[in-house]
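Each chain is listed here by its residues.
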Amino acid sequence: MKIKRLRLHFTGVVQGVGFRPYIYRLATDLRLSGFVCNRPDGVRVEIEGLETDVDRFTEQIFSTLPAPAVVNKFTQQEIPPKGVPAGKHSSSNSFEIWESPQEGSHELTIGADMATCPACLNEMNDPADRRFGYPFINCTDCGPRLTIVNDLPYDRQRTSMAAFPLCRKCQTEYDDPQSRRFHAEATACPECGPQLTLCDAQGEKIATTDILHLTGKFLKEGKIIALKGLGGFHLAVAADNHDAVNRLRERKQRNAKPFALMVKDLAAVEKLVSINATEKKLLLSPARPIVLLEKNSGLKDGDSHRLSPAIAPGLSCYGIMLPYTPLHHLLFAEEEIKVLVMTSANISDEPICIGNLEALWRLKGIADYFLLHDRDIVVRLDDSVVMVVNQQAQLLRRSRGYVPQNIALKNRSPAILALGGQLKNSLCLITGEKALCSPHIGDLETPQARDFFHENIMLMEKIAACQPEIIACDLHPAYYSSVAAKALSAKTVIRVQHHHAHIVSCMADNQISGPVLGLAMDGTGYGTDGHIWGGEFLHVEENSFTRLGQLVYFPLPGGERAIREPWRIGLSLLNQADPDDWLKKSRELKFVPESFSDQDLSLILKQSVNNPLTSSLGRFFDGVAAILGFSQACKYEGQAAIELEAMATNFHRDHENQKTSRATLLPWTVTEELKPKNEYYYQLNLLPMIEKLAELSLNGSSSEALAALFHDSLIDALMTTAEKLSVGFNLDRVVLSGGCFQNRLLLEGCQQWPANNDSKNHLLKVYYHRQVPTNDGGLALGQALIAAQQMAAKNTK
């Protein structure tokens, strides 16, 4: 019989996911000799045996991969046999797992952190099991990955678990190929693994036993607990304790932004929200993201399981996740706890805490007690956020459970680092045929956030094992990410227009190439004409774009102050829409502060300084919200628009059988303007909507009904204009991107347009984001790809 030897190489998510044990078991079942080992560039396998058995190995290898494993690239090469007799095993010729060498280039993706698997939960809840009640139980199918990695390849000695030598029993499991913990790098038990400690507000230990019972008792009493989790600390309070929730808001300086909830199980979730099969699947997935779910019909703030109305004020949905660590599950077993507020442990706009001393210092005055453990968190990761649109998951914040999974690219690229924008920042490093997106960083407004930004640059370069010499950043010169681009040691810095990057990001998300018609709708982006863009119709290729149309410019009185005080935008829009009666109507609608005189309001609109022009749809949403009754100052970015969407959602939910006919939609116009080179340019004018909304509101229509009418009319305006442009410029693919498409009603409406399907000419293919956020969290992917295409074009020339 012929003896055959193969060398196999795997890249992708193949380390820390049980891949080597899987290869070991398959090879030994087929009586093959050889080895498997982690390498910086993936996993190397050599197998030798009877040709028929080797062929069976290669046939079976992809049929039963471990669930978390993803093979992006696979190569095999036949090499000379080493003369080991087939089917004979000894210490010198059996199949082995080898130590991992450190030399070589990195082409692998480490696995994402995963929620506790059912098998581990069963053991943890079994009084006869040696890991009964152990809050750090894990195996190759679950537990920490990226959050504990110090270096690659992924082996225990290169993680924060190196501080915990395995006991004899754990070592036996670790070495046993039939065990679920065979080479599970984070494995541990109560004898050899991490331990909990409970401290008071001053950091003094108050308990090392009965900790979870005490923590549950404190939560029921309304105390704020800083709880060390997988990718960082959470601040937890009982969700049904209104005083505790308000106290958390006050201490955390988070005045209105919604809190996330952690709910004990699906049964408890279904009492709070309406949930479909796709949303259930997401809640139960190994990634365990926060899922945005609509509150149950008929339930108002505070009625859902007696939850505090301060959790998600003014909104129609909750952000809900299920327990994803053993510690979470054990905590929910105490004191009949069913729903907890579980929010990132930080002061607003600062990164999440990860270290024990860091938490005791930064959270002093916020937390009443600290539930700590001694397993170091190396990489800080916030909870990911997902919503479901038309039965498809759309990531709004990409972090724990999804990072550092690669995004597959259509074309090869040199190493390029893209630095994203100013808000909802994340980074992207592309090399070869993959894009590595960083964890969510957030707004770059504080020194701590900027430190986290640089921390992530180092993380990305470590994972990719390269320091790119090409950097891409936003066109806006004052963004911190743009300023940082100058300071980094790169040979080339490429500045990319904001909305061009949005559309190319979505194109990459959907694996399509240009040309496409891009609808880039957001709050702020620096335009090539010096104005603030945000309502753009673009002809997009990967390396260039042409502005085909826009929302009509309107003034933004007070500049950034208008973003915080939307009544200023409402006043500006009303003035543009109705120059004769704007003042009278603004008073009648009661959305401007009474402390401002008529002269003050006139001066605000006439000021020549700090009154920039904008085409931003996000700002238009803010203005409409103000006119319909949102008169307060915004406490967080996008609050007015988010609450406007909630009003519309509530109306649609309560009147689900009531359809808006096209004849009753709000008016709008599109004007065509002939440019040089005989090209048409389109201006979408939504100002007639403002005049009609004001009229209807003054005639007694409810704010909720008008919010719904505005959404329906806006969808019609955007997509009718898109159809006109698609015909005029021969573009049948429409790509939607930008923060406005976080609005579920807007995104679903555009994707399903026309609602009655009566347009015989409706041949548009509509694409939207799935794997990366539609907001500025997805910007860096587009920046990197545009830079790659521009460099390729430059090299070709």
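Overview of the structure. Quick caveat: nothing in here was measured; it's all calculated off a predicted structure.

**Quick word on the sheet that holds strand β20 (residues 470–474)**
The strand order β19-β18-β20-β21 describes an open sheet built from four strands, whose pairing is mixed. Among the strands making up the open sheet, the edge pair consists of β19 (428–437) and β21 (492–496). Between one strand axis and the next, the sheet turns through 60 degrees on average, direction left out of account. For strand β18 (residues 406–418) and β20, the ladder comprises three bridges, and the chain directions are parallel. Bridging across to β20, A418 finds its partner in A472. In this fold helix α11 (residues 447–464) packs onto β18 and β19, with an angle of close to 155 degrees to the strand it touches most, β19.

**Description of the pattern of salt bridges**
Scanning the model with the defined rule gives 35 salt bridges in all. For R7, the salt bridge identified is with E46, shortest N-O distance 2.8 Å. Of this pair, R7 sits in strand β1 (residues 3–15) while E46 sits in strand β3 (residues 42–50); the two residues are 39 residues apart in sequence, bridging distant segments of the chain. Notably, a salt bridge pairs R653 with D654, separated by 3.9 Å at the nearest N-O pair.

**Some details on the packing of aromatic side chains**
Taken as a whole and assessed by the stated rule, the structure comprises 17 aromatic pairs. Between W567 and F596 the ring centres are 5.0 Å apart and the planes differ by 55 degrees, which places this aromatic pair in the tilted class. Of the two residues, W567 sits in helix α15 (residues 567–577) while F596 sits in the loop between α16 (582–589) and α17 (598–606), which places them 29 residues apart along the sequence. Note on W567: relative accessible area 4%, which makes it buried. Aromatic side chains F621 and F710 sit 5.4 Å apart centroid to centroid with 85 degrees between the ring planes, which places their arrangement in the edge-to-face category. Note that F621 is positioned in helix α18 (residues 617–627) and F710 in helix α21 (residues 703–728), a separation of 89 residues in sequence. Under the relative-accessibility criterion, F710 is labelled buried at 0%. Through a chain of ring-to-ring contacts, three or more aromatic side chains come together here, namely F10, F19, Y22, F62 and F74. Just above the ring of Y324 sits the side chain of R400; from NZ or CZ to the centre is 3.6 Å. Positioned above the aromatic ring of W533 is the side chain of R547, whose terminal nitrogen or guanidinium carbon lies 3.8 Å from the ring centre.

Rules of the game
Residues numbered from 1 in each chain as written. Predicted model: local features only at pLDDT ≥ 70, side-chain atom pairs only at ≥ 80, totals over all residues. Heavy atoms only, no water. Pairing = 2+ DSSP bridges. Helix = DSSP H or I, 4+ residues; strand = E, 2+ residues; numbered from the N terminus. Axes fitted to C-alpha atoms, helices over the stretch in contact; angles between N-to-C directions. Contact = heavy atoms within 4.5 Å. Salt bridge = Lys/Arg side-chain N within 4 Å of Asp/Glu carboxyl O. Phe/Tyr/Trp six-rings, centres within 6.5 Å; stacked < 30°, edge-to-face > 60°. Buried < 20%, exposed > 50% of the residue type's maximum accessible area, 1.4 Å probe, protein only. Lys NZ or Arg CZ within 6 Å of the ring centre and 35° of its normal.

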